[in-house]
Amino acid sequence: VVIAFGADTTVVADTLGIGFTQQYSATPFDQSGNPVPGMPLAWRTTITAVLRANNTGRVLGVGEGGALLIVEIGGVADTLDVLVLPGTTGWFPQVSNSTGVLNDVFFHSDGRHGWVVGNGGEILATTDAGVTWTRQASNTLFNLNAVWFTDADSGWAVGNAGMALHTTDRGNTWTPMPTAASENLRDVVFANPDTGWAVGNSGAILRTLNFGATWEKQNPTPSPLYAVAFFGTRLGWAVGDNGVILGTTDYGVTWTV
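Only a predicted model underlies this, so the values are computations on that prediction, with no experimental measurement involved. (Residues numbered from 1 in each chain as written. Predicted model: local features only at pLDDT ≥ 70, side-chain atom pairs only at ≥ 80, totals over all residues. Heavy atoms only, no water.)

> How should I be thinking about the side chain of Thr195 in this particular structure?
Relative to the elements of secondary structure, Thr195 occurs in strand E19 (residues 195–200). On the accessibility criterion, Thr195 (9% relative accessible area) is buried. Side-chain polar atoms of Thr195 contact the side chain of Asp194, separated by 3.0 Å. Setting aside residues no more than four positions away along its own chain, Thr195 makes contact with Phe190, Thr208 and Leu209. (Helix = DSSP H or I, 4+ residues; strand = E, 2+ residues; numbered from the N terminus. Buried < 20%, exposed > 50% of the residue type's maximum accessible area, 1.4 Å probe, protein only. Polar contact = N/O pair within 3.5 Å; in protein donor to acceptor, adjacent residues only side chain to side chain. Contact = heavy atoms within 4.5 Å.)

This is the structure:
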């Protein structure tokens, strides 16, 4: 079975605005590749809060984010990746219900689940692409400067005085994790669930290889570091004051200015 948009039978992705509709069709084929018209098709979507479909293939954009449109018949299916965009274009304000200083933001690729961290241990979360934000209990008053999630459930937040928080339930509970660092941590990144790095003041670079259970620290530069990025687990960069750029090619064991 093949989904089509008009005469286009090769469509694999599309965009739609909230409140707008789109009509798709689908054609089942037999084992010889011949179309079989008039067969009953079942249409559905993976996230009805984002996209809804009726039994004729007409879909409605409901909420911002991504969802799959699926048509099925006789145990076979075809899918279409649909990105639903807000009705307005450009940048527009969202109601955070916070008046504090917010320092970092992270969103999953679904475009709906995201977190913000800020001063005073503030953590905000959204499950509807930022339409509504809910405060999560961080159990710390230290400023939080960066947030990163390794999968749908597990995430990290780092902040002042070597603070690191970990969650395994989408932020419903955050647990402090010892880092053996006292520097203010400015950024955090994970290449996979067990391997991650954090950077901060006094050139501090922290590395974990065991899901954050323990962290190794080094200070390859006296300059404060504000951001870190990795391509895979071997190649990484950190940047900070005085134009400093550090690079590593060995998982962060050594760093070169």
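> Which parts of the structure should I look at to understand the environment of Asp187?
For Asp187, the position within the fold is in strand E18 (residues 185–192). Sequence separation between Asp187 and Pro176 is 11 residues; the distance between their C-alpha atoms is 16 Å. For Asp187, the residues in contact, after removing those within four places along its chain, are Ala146, Val158, Trp197, Ala198, Val199, Tyr226, Ala227 and Val228. Within the structure, Asp187 has its side chain in polar contact with the backbone nitrogen of Val228 (distance 2.9 Å).

> Can you help me understand the pairing of strand E5 (residues 42–45) in this one?
Every regular strand shows the same layout, with side chains that alternate between the two sheet faces. On E5, burial follows the alternation: Trp43 and Thr45 on one face are buried, whereas Ala42 and Arg44 on the facing-out side are not. Pairing between E5 and strand E8 (residues 65–73): 4 bridges, direction antiparallel. Along E8, the bridge assignment pairs Ala42 with Glu72. (Pairing = 2+ DSSP bridges.)

> Help me understand the sheet that holds strand E22 (residues 225–231) in this model?
By way of backbone hydrogen bonds, the strands of a sheet pair with one another, either parallel or antiparallel. Ordered by their spatial adjacency, 3 strands build an open sheet running E22-E23-E24, and the pairing between neighbours is antiparallel. Two strands bound the open sheet, and with one partner strand each, they are E22 and strand E24 (245–248). Recorded for the sheet is a direction-independent mean angle of 15 degrees between the axes of neighbouring strands. The sheet contact formed by E22 and strand E23 (residues 235–240) spans 6 bridges and is antiparallel. For Phe230, the partnering residue across the bridge sits in E23 and is Gly236. (Axes fitted to C-alpha atoms, helices over the stretch in contact; angles between N-to-C directions.)

> What should I look at first to understand the nonpolar core in this one?
Soluble globular proteins tend to bury their nonpolar side chains together. Tyr24, Trp43, Leu51, Leu69, Leu80 and Val82 are the most contacted members of the largest nonpolar core, which totals 17 residues. Secondary-structure elements contributing two or more residues to this core are E8 and strand E9 (76–85). Beyond its immediate sequence surroundings of up to four residues, Leu80 is in contact with Ile3, Val11, Val12, Ala13, Asp14, Tyr24, Ala67, Leu68 and Leu69. (Core = buried A, V, L, I, M, F, W, Y, C linked by side-chain atoms within 4.5 Å.)

> How should I be thinking about the pattern of salt bridges in this particular structure?
Pairs can form between side chains of opposite charge whenever their charged atoms are close. Under the counting rule described, the total for this entry stands at 5 salt bridges. Two residues, Glu122 and Arg135, come together in a salt bridge whose shortest N-O distance is 2.6 Å. Of the two residues, Glu122 sits in the loop between strand E11 (114–118) and strand E12 (123–126) while Arg135 sits in strand E13 (residues 134–136), which places them 13 residues apart along the sequence. Glu122 sits in the buried class, given a relative accessible area of 11%. Its salt-bridge partner being Asp153, residue Arg170 comes within 2.9 Å of it at the nearest N-O pair. Here the residue Arg170 occupies a position in the loop between strand E16 (164–167) and strand E17 (175–176), and Asp153 occupies one in the loop between strand E14 (144–149) and strand E15 (155–159), the gap between them amounting to 17 residues. Since its relative accessible area comes to 33%, Asp153 is described here as partly exposed. (Salt bridge = Lys/Arg side-chain N within 4 Å of Asp/Glu carboxyl O.)

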